[in-house]
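# Fold and geometry: a report
Read off the chains here:
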Amino acid sequence: AQRVTQPEKLLSVFKGAPVELKCNYSYSGSPELFWYVQYSRQRLQLLLRHISRESIKGFTADLNKGETSFHLKKPFAQEEDSAMYYCALSGLDTDKLIFGTGTRLQVFP
Amino acid sequence: DGGITQSPKYLFRKEGQNVTLSCEQNLNHDAMYWYRQDPGQGLRLIYYSQIVNDFQKGDIAEGYSVSREKKESFPLTVTSAQKNPTAFYLCASKGTVYSNQPQHFGDGTRLSIL
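Attention here is on the structure that accompanies the text. (Residues numbered from 1 in each chain as written. Chains lettered and ligands numbered in written order. Predicted model: local features only at pLDDT ≥ 70, side-chain atom pairs only at ≥ 80, totals over all residues. Heavy atoms only, no water.)

Let us now look at the layout of surface pockets. Taken as a whole, the largest pocket holds about 800 Å³ of empty space. Lining of the largest pocket is provided by 32 residues; of these, Gln38 and Arg104 of chain A together with Gln37, Phe88 and Arg110 of chain B occupy positions nearest its centre. Secondary-structure elements contributing two or more residues to the lining of the largest pocket are strand 9 (83-91) and strand 11 (103-108) of chain A together with strand 4 (31-38), strand 9 (87-94) and strand 11 (109-113) of chain B. The computed volume of the second largest pocket comes to approximately 150 Å³. What lines the second largest pocket is a set of 13 residues, and nearest its centre among them are Ile98, Phe99 and Gly100 of chain A together with Leu43 and Arg44 of chain B. Taken together, the elements giving at least two residues each to the lining of the second largest pocket come down to strand 1 (3-5) and strand 10 (94-99) of chain A together with strand 5 (42-51) of chain B. Examining the composition of the lining of the second largest pocket, we find that four residues originate from one element, strand 10 of chain A, more than from any other. (1 Å grid on protein atoms, 1.4 Å probe; cavity = no way out; pocket = protein on both sides within 12 Å on 5 of 7 lines; lining within 4 Å. Points joined across faces, edges and corners; volume = space filled by probe spheres on them. Helix = DSSP H or I, 4+ residues; strand = E, 2+ residues; numbered from the N terminus.)

Here's what the structure looks like:
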């Protein structure tokens, strides 16, 4: 079954602390993994995707096929990083985007 | 200004009433999607359309209907058969089907029952 699991509903850290939002997936083919972010009162938007292998707003995510994970990391959290983060999966054999249940990140000053 | 426009922002439905949520995009995208967002459940796919005059059911299509008469428009009707319609509804689009392009999302419509 195709599934995306985000085990943490809420992650709270202080400014400057490292952040890791966990994402595990189940998919039989070759997946494309995404991280979407929804800031307060803003629309859901793409943060990064694994094939780009880029860092956006200091965030990075590496696809680990052995562990079927795509964790989102940032070495030093900022208050403006507070938002809802969704991990999502797609594949060339499906036009659907499968979302995890999301993790709310709270960064305290 | 290119993008996806959803209207209205807030919508109220009476019992037994059908309501239609609008989604328009000027990105010239082929594929369009409707999701339902509930607290603690993430986004669930209701319907999607890969091309004009064609659409497929998603994971939770019961109680919903769609049409795709124009490339830029993909309205969603929440029928009286949907017993728990209170949710936040998101529309998305993507350039071409069966590609790994990211989906672009609208601002959403919040539907409530009176």
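Looking now at the packing of aromatic side chains. Summed over all chains, the structure comprises 13 aromatic pairs over all chains. On the numbers, 5.8 Å between centres and 55° between planes, the contact of Tyr36 of chain A with Phe99 of chain A is tilted. One end of the pair, Tyr36 of chain A, is in strand 5 (residues 31-38); the other, Phe99 of chain A, is in strand 10, and 63 residues separate them in sequence. Overall, Tyr36 of chain A belongs to the buried group, its relative accessible area being 0%. Look at Phe99 of chain A and you get buried, because its relative accessible area is 8%. Judged by centre distance (6.1 Å) and plane angle (15°), the rings of Tyr33 of chain B and Tyr48 of chain B are stacked. Of this pair, Tyr33 of chain B sits in strand 4 while Tyr48 of chain B sits in strand 5; the two residues are 15 residues apart in sequence, bridging distant segments of the chain. (Phe/Tyr/Trp six-rings, centres within 6.5 Å; stacked < 30°, edge-to-face > 60°. Buried < 20%, exposed > 50% of the residue type's maximum accessible area, 1.4 Å probe, protein only.)

Here we come to the environment of Cys23 of chain B. Residue and element names in this part refer to chain B. In this structure, Cys23 sits in strand 3 (residues 19-25). For Cys23, a relative accessible area of 0% gives the class buried. When the C-alpha atoms of Cys23 and Ile60 are compared, they prove to be 19 Å apart, with 37 residues separating the residues in sequence. In this view, Cys23 contacts Ile4, Thr5, Met32, Trp34, Glu72, Ser73, Phe74 and Cys91; residues no more than four positions away in its chain are not counted. (Contact = heavy atoms within 4.5 Å.)

The subject of this paragraph is the interface of chain A and chain B. Listed as interface residues are 20 residues of chain A and, on the opposing side, 26 residues of chain B. Summed over both partners, the interface of chain A with chain B buries about 1,900 Å², with 50% contributed by carbon and sulfur atoms. Applying the counting criterion to the chain A and chain B interface returns one salt bridge. Asp107 of chain B serves as the salt-bridge partner of Arg43 of chain A, at 2.9 Å between the closest nitrogen and oxygen. Elements with a contribution of two residues or more to the side of chain A that touches chain B: strand 5, strand 6 (45-49), strand 9 and strand 10 of chain A. In terms of residues, the side of chain A that touches chain B owes the most to one element, strand 10 of chain A, which gives five residues. Broken down by class, the residue content of the side of chain A that touches chain B amounts to eight nonpolar, six polar and six charged. (Buried area = accessible area lost by both parts, 1.4 Å probe. Salt bridge = Lys/Arg side-chain N within 4 Å of Asp/Glu carboxyl O. Nonpolar A, V, L, I, M, F, W, Y, C, P; charged D, E, K, R; others polar.)

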